[in-house]
Amino acid sequence: MIYVMSDLHGMYSSYLKMLRKIHFCDTDTLYILGDVIDRGPQPIQILQDMMLRPNVYPLFGNHEWMAMQCLDWITEEITDTFLASLDTERLIHLADWMGNGASTTLAGYAALTKDAKADLLDYLCEFQAYEELYLNGQTFLLVHAGLGNFDPDKALTDYTIDELVWERPNLEKPYFDDPNRHVVVGHTPTLMLTGKPEVFTSNGFSFIDCGACFDVGRLACLCLDTMQAYYV
Ligand SMILES: [Mn+2]
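The sections below set out a description of the structure shown in this document. All of these numbers come straight from a predicted model, not from anything done at the bench.

1. Some thoughts on the overall build of the protein
So, step 1. In terms of regular secondary structure, the protein is built from 10 helices and 10 strands.
So, step 2. Expressed as lengths along the three principal axes of its C-alpha atoms, the size of the protein is roughly 60 × 40 × 30 Å.
So, step 3. Counting all 232 residues of the protein, 49% fall into the buried class.
So, step 4. Sequence separation of at least 24 residues holds for 66% of the intrachain contacts in the protein that already meet a minimum separation of 6.
So, step 5. Here the protein has roughly 11200 Å² of accessible surface; of this, 51% comes from carbon and sulfur atoms.
So, step 6. Across the protein, the centroid of the 14 positively charged side chains sits 8 Å from that of the 33 negatively charged ones.

2. Things to note about the coordination of the manganese ion
So, step 1. Coordination of the manganese ion by the protein involves Asp-35 (OD), Asn-62 (OD1), His-144 (NE2) and His-187 (ND1), with metal-donor separations of 2.1 to 2.2 Å.
So, step 2. Sequence positions of the donors to the manganese ion reduce to the motif D-x26-N-x81-H-x42-H. In this pair, Asp-35 sits in the loop between β2 (29-32) and α2 (43-50) while His-144 sits in the loop between β5 (138-143) and α9 (161-165), placing the two residues 109 residues apart along the sequence.
So, step 3. For His-144, a relative accessible area of 0% translates into the label buried.

3. Some details on the pattern of salt bridges
So, step 1. Within this structure, the stated rule accounts for 3 salt bridges.
So, step 2. A salt bridge links Lys-154 to Glu-163, with the nearest nitrogen and oxygen atoms 3.2 Å apart.
So, step 3. Residue Lys-154 is classed as partly exposed on the basis of its relative accessible area of 23%.
So, step 4. Here Glu-163 falls in the buried class, since its relative accessible area comes to 8%.

4. Observations concerning the side chain of Asp-28
So, step 1. Tracing the chain through its elements places Asp-28 in the loop between α1 (12-21) and β2.
So, step 2. Although buried, Asp-28 forms no salt bridge, and the nearest oppositely charged side chain, Arg-53, lies 9.2 Å from it.
So, step 3. Within the structure, the side chain of Asp-28 is placed 3.0 Å from the backbone nitrogen of Met-1, a separation counted as a polar contact.
So, step 4. In this structure Asp-28 touches Met-1, Tyr-3, His-23 and Asn-55, once residues within four positions along its chain are discounted.

5. With respect to the sheet that holds strand β3 (residues 56-58)
So, step 1. The strand order across the open sheet built from 5 strands is β3-β2-β1-β9-β10, with neighbouring strands paired in mixed fashion. Bordering the open sheet on either side are β3 and β10 (229-231), each of which pairs with just one other strand. Strand-to-strand twist across the sheet, computed as the mean angle between neighbouring axes with direction ignored, equals 25°.
So, step 2. With 3 bridges joining them, strand β9 (residues 220-223) and β10 adopt antiparallel strand pairing. What sits directly across from Leu-222, in β10, is Ala-229.

6. Observations concerning the environment of Gln-69
So, step 1. Inspection of the secondary structure assignment puts Gln-69 in the loop between α3 (62-68) and α4 (71-74).
So, step 2. Assessed through its relative accessible area of 25%, Gln-69 is described here as partly exposed.
So, step 3. Considered as a pair, Gln-69 and Arg-90 are 21 residues apart in the sequence and their alpha carbons are 7.6 Å apart.

7. Overview of the layout of surface pockets
So, step 1. Roughly 190 Å³ of volume is contained in the largest pocket.
So, step 2. The wall of the largest pocket is formed by 16 residues, among which Arg-39, His-63, Arg-168, His-187 and Pro-189 lie closest to the centre.
So, step 3. When its residues are assigned to classes, the lining of the largest pocket shows 5 nonpolar, 6 polar and 5 charged.
So, step 4. Each pocket or cavity is described by its volume, and for the second largest pocket that value is around 160 Å³.

8. Things to note about the side chain of Glu-64
So, step 1. With respect to the element layout, Glu-64 can be found in helix α3.
So, step 2. Apart from the residues lying within four places of it in its own chain, the contact partners of Glu-64 are Gly-34, Asp-35, Val-36, Ile-37, Leu-124 and Phe-127.

Cut-offs and rules
- Residues numbered from 1 in each chain as written.
- Predicted model: local features only at pLDDT ≥ 70, side-chain atom pairs only at ≥ 80, totals over all residues.
- Heavy atoms only, no water.
- Helix = DSSP H or I, 4+ residues; strand = E, 2+ residues; numbered from the N terminus.
- Buried < 20%, exposed > 50% of the residue type's maximum accessible area, 1.4 Å probe, protein only.
- Contact = heavy atoms within 4.5 Å.
- Areas by Shrake-Rupley, 256 points an atom, 1.4 Å probe, with all protein chains shown as cover.
- Lys, Arg positive; Asp, Glu negative; His and termini not counted.
- Charge placed at Lys NZ, Arg CZ, Asp CG, Glu CD.
- Donors = N, O, S within 2.8 Å, 3.2 Å for Na, K, Ca; no water.
- Salt bridge = Lys/Arg side-chain N within 4 Å of Asp/Glu carboxyl O.
- Polar contact = N/O pair within 3.5 Å; in protein donor to acceptor, adjacent residues only side chain to side chain.
- Pairing = 2+ DSSP bridges.
- Axes fitted to C-alpha atoms, helices over the stretch in contact; angles between N-to-C directions.
- 1 Å grid on protein atoms, 1.4 Å probe; cavity = no way out; pocket = protein on both sides within 12 Å on 5 of 7 lines; lining within 4 Å.
- Points joined across faces, edges and corners; volume = space filled by probe spheres on them.
- Nonpolar A, V, L, I, M, F, W, Y, C, P; charged D, E, K, R; others polar.

Pasting the structure below:
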């Protein structure tokens, strides 16, 4: 079976509970549509579990993208060279990320050994911007946020990472004529769209961020073979 989750935001125990709930096994595949880190308590633990599973495929969320701009330099030893390297661009990246709930990720990362930090950075470099799948005569495009500055003639490879990980779909306008083409996204909590922590499908988009890190939210997992949603 092929499963999709998104926006785990540090909720390691919910992630483990969901893997048990769907009886996730070696012959299954799981795509995680980004925003594994930040906000919730145990983001690094989720990443370290994901990296040990060859059948879990990670995609970038805006939070991993922000982390990528900071993690390679932020825990360097404080030397004159380090201080001289703190240019405005780096400080703006860091301020942006801190403002988006980075503290749990930074604390977890700081506690790692040098080798574990390097492994984690290598793993983040493996994240993809999107994935396209063909299943039972349907096409699924998996992407964190949406297709910013959408143009039907624009190739997927021509979207910038910001267009894919930050920009929310416009539900007022149709994107694709083909009814067998689906886009699965996280990033926009369904609580914001419908007020409910349930997978929401509209205009060819399935929104699966049900707000795992919020008190009123849940972690959702969508099975693409059956289109059944699971919640914890
Ligand atoms: Mn996001």
